[in-house]
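Listed below are the residues making up each chain.
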Amino acid sequence: MRVISGQHKGAKLISPRGEVRPTTDMVKGSLFSMLQSKDLIAGAVCLDLFCGSGSLGIEALSRGASSCVFVDADCKNVNANLNKLNISARVFQSDFRQALRILRNEKFDLVFCDPPYKTDFAEQVYKLLVKYGMLGETGVAVLEHATDRPLSVVPEYNVIDRRVFGVSAFDIVRGKDESDICGNV
């Protein structure tokens, strides 16, 4: 795994071992080309949830995002990659729900959510982002999920783009008012 473009182009990243599915360079390249074409990266304040190696947040920073907050239950790899690239960023080693509660008064332009495969964590993240009003006025969330498990909390008219890569899909969604979301978290 490596940084594909920008200031840190070509840098190799340390990735988690074991039962994880890091986003491949091909998928990351396609996703970031689409985000750049919509002018969603330059100057963005980012949040990388379930960050693992920090690959998505680091790619955004390399391409001109202004800052990124990284969250994961195990931050060993993201810390190593940030140190290796001499990137200063906030890192939270915690459960995503706790981290979102702590960050609830902040606004983000771009949120990456790449949770463990076949969980409902992307839906939970979206509900919390909306509940806490964490997406800036033009903010978007990139929610990864299994293609056979569409996100039930994201109305079709709220999805600004969807990309499918084999068994994984990325929904790029805009925030909504809390009253538009059903269910509690």
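As a reminder, the structure under discussion sits directly above these lines.
Bear in mind that the values here come from a model prediction, so they are computed numbers and not experimental data.

Calculation notes
Each residue is numbered by its place in its chain's sequence as written, counting from 1. For this predicted model, a pLDDT threshold of at least 70 governs which residues receive local features, and a threshold of 80 or more governs which side-chain atom pairs are given and counted, while totals over whole chains, interfaces and linings are taken from all residues. Only hydrogens and water are set aside when side-chain values are computed; all heavy atoms of the structure are taken into account. Each helix corresponds to a stretch of at least 4 residues labelled H or I by DSSP, and each strand to a stretch of at least 2 residues labelled E; elements are numbered beginning at the N terminus. The classification of residues rests on relative accessible area computed with a 1.4 Å probe and restricted to protein chains. Under 20% of the type maximum is buried, over 50% is exposed, and intermediate values are partly exposed. Each polar contact in these results corresponds to two N or O atoms within 3.5 Å; when the atoms are within protein, one needs to be able to donate a hydrogen and the other to accept it, and residues that are neighboring in sequence are counted only if both atoms are side-chain atoms. Two rings from Phe, Tyr or Trp (for Trp, the six-membered ring) form a pair when their centres sit within 6.5 Å of each other. Planes less than 30 degrees apart are called stacked, planes more than 60 degrees apart edge-to-face, and all others tilted. Take a side-chain nitrogen of Lys or Arg and a carboxyl oxygen of Asp or Glu: if they are within 4 Å of each other, that pair is a salt bridge. A pair of strands is considered paired only if DSSP assigns at least 2 bridges between the two. Helix axes are fitted only over the stretch in contact, all axes being lines through C-alpha atoms; the angle between N-to-C directions runs from 0 to 180 degrees. Between two residues, a contact is recorded if the distance between any of their heavy atoms is within 4.5 Å. The definition of a right-handed crossover adopted here requires that, viewed with the strands pointing away, the path from the first strand over the helix to the second runs clockwise.

Asker: Got a sec to walk through the side chain of glutamate 144? Specific residues and values, please.
Answerer: Within the secondary structure, glutamate 144 sits in strand β5 (residues 135-146). You can call glutamate 144 buried: its relative accessible area is 12%. A polar atom in the side chain of glutamate 144 sits 3.3 Å from the side chain of serine 168.

Asker: So what about the packing of aromatic side chains? Which residues, and what values?
Answerer: Tallied over the entire structure, the rule returns five aromatic pairs. Plain terms: the ring middles of phenylalanine 32 and phenylalanine 112 are 5.6 Å apart, the flat faces sit at 35° to each other, and that makes the pair tilted. In this pair, phenylalanine 32 sits in helix α1 (residues 25-37) while phenylalanine 112 sits in strand β4 (residues 108-113), placing the two residues 80 residues apart along the sequence. The buried category is assigned to phenylalanine 112, whose relative accessible area is 0%. With a centroid separation of 6.0 Å and an interplanar angle of 75°, the aromatic rings of phenylalanine 165 and phenylalanine 170 are classed as edge-to-face. The residues phenylalanine 165 and phenylalanine 170 share a single accessibility class, namely buried. Taken together through their ring pairs, the aromatic side chains of Phe50, Phe96 and Phe121 make up a single cluster.

Asker: Kindly report on the pattern of salt bridges, identifying the contributing residues and their values.
Answerer: Taken as a whole and assessed by the stated rule, the structure comprises seven salt bridges. Across the pair lysine 28 and glutamate 59 runs a salt bridge whose closest N-O atoms are separated by 3.7 Å. Within this pair, whereas lysine 28 is found in helix α1, its partner glutamate 59 is found in helix α2 (residues 55-62), the two being separated by 31 residues in sequence. For lysine 28, a relative accessible area of 0% translates into the label buried. Overall, glutamate 59 belongs to the buried group, its relative accessible area being 0%. A salt bridge links aspartate 161 to arginine 163, with the nearest nitrogen and oxygen atoms 3.2 Å apart. Residue arginine 163 is classed as partly exposed on the basis of its relative accessible area of 27%.

Asker: Tell me about α2, and name the residues and values.
Answerer: Turn by turn, an α-helix covers 3.6 residues, leaving residues three or four places apart pointing in a common direction. The buried count for α2 comes to eight of eight residues, which makes it a mostly enclosed element. Among all positions of α2, only Ser55, Leu56, Gly57, Ile58, Glu59, Ala60, Leu61 and Ser62 are buried. Looking at the residues trailing α2, positive phi occurs at glycine 64, about 115°.

Asker: Hey, could you go over the sheet that holds β4 for me, with residue numbers and the actual values?
Answerer: Read across the sheet, seven strands follow the order β3-β2-β1-β4-β5-β7-β6 without closing on themselves; strand pairing throughout is mixed. Each edge of the sheet is formed by a strand with only one pairing partner; in this case those strands are β3 (90-93) and β6 (159-165). The mean inter-strand angle of the sheet, taken between neighbouring strand axes irrespective of direction, is 15°. For β5 and strand β7 (residues 168-174), the ladder comprises seven bridges, and the chain directions are antiparallel. Counterpart to alanine 146 in the pairing with β7 is serine 168. Where α1 meets the sheet, it contacts β4, β5, β6 and β7, and its direction lies at approximately 160° from that of β6. Each of β1 (45-49), β2 (67-72) and β4 is contacted by α2, which is oriented at about 175° to β2, the strand it contacts most.

Asker: Before we move on, can you summarise the pairing of β2 with the specific residues and values?
Answerer: The side chains of a regular strand alternate, first on one face of the sheet and then on the other. Of all the six residues making up β2, five are buried; the element is thus mostly covered by neighbouring parts of the structure. Both β1 and β2 contribute to a ladder of five bridges, which runs parallel. For leucine 49, the partnering residue across the bridge sits in β2 and is valine 71. This β-α-β element, β1 to α2 to β2, shows right-handed connectivity. In terms of strand pairing, β2 meets β3 through four bridges, oriented parallel.

Functional significance is not addressed by these values, which are geometric in nature.
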